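# Structural description and commentary
Residue-level listing of the chains:
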Amino acid sequence: MDVATAASYVIMQGRVVPALQASARIPGIFPAVTVDGRQLYGGSVVASMPVTQALEMGHRLSPLSLTVPARAVSSRTWAISPLTGPA
């Protein structure tokens, strides 16, 4: 998220480390990171699931559901399954 505009900002090229640092920044906890001359926080501030940005980039999306099995061995066990229902 661009601090000056409060809009999402997608980093498409450049160095990986500043992009990762920006994506992990949370307002009030970590200071913003400067990338491409912009002060940035993590994108989850404006879009927890960046669906709009992915669609704008031409990606097709399939709905998925993260579920925890009823008889999970540990709290770290999980599975990805497609959502079912009317299309």
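Look a little higher up for the structure.
Residues numbered from 1 in each chain as written. Predicted model: local features only at pLDDT ≥ 70, side-chain atom pairs only at ≥ 80, totals over all residues. Heavy atoms only, no water.

With that out of the way, let us pick up unusual backbone geometry. Backbone geometry places Ala-6, a non-glycine residue, at a positive phi of 60°. Among the structural elements, Ala-6 can be located in the segment before helix 1 (16-23). Under the relative-accessibility criterion, Ala-6 is labelled partly exposed at 49%. The backbone phi angle of Asp-36 is positive, close to 55°, even though this residue is not glycine. Classification of Asp-36 by relative accessible area gives exposed; the value is 52%. (Helix = DSSP H or I, 4+ residues; strand = E, 2+ residues; numbered from the N terminus. Buried < 20%, exposed > 50% of the residue type's maximum accessible area, 1.4 Å probe, protein only.)

Let us now look at the pattern of salt bridges. Within the structure shown, the criterion is met by one salt bridge. Across the pair Asp-2 and Arg-38 runs a salt bridge whose closest N-O atoms are separated by 2.7 Å. Taken together, the residues span a long stretch of sequence, with Asp-2 in the segment before helix 1 and Arg-38 in strand 2 (residues 38-40) at a distance of 36 residues. A relative accessible area of 5% places Asp-2 in the buried class. Owing to a relative accessible area of 33%, Arg-38 belongs among the partly exposed residues under this scheme. (Salt bridge = Lys/Arg side-chain N within 4 Å of Asp/Glu carboxyl O.)

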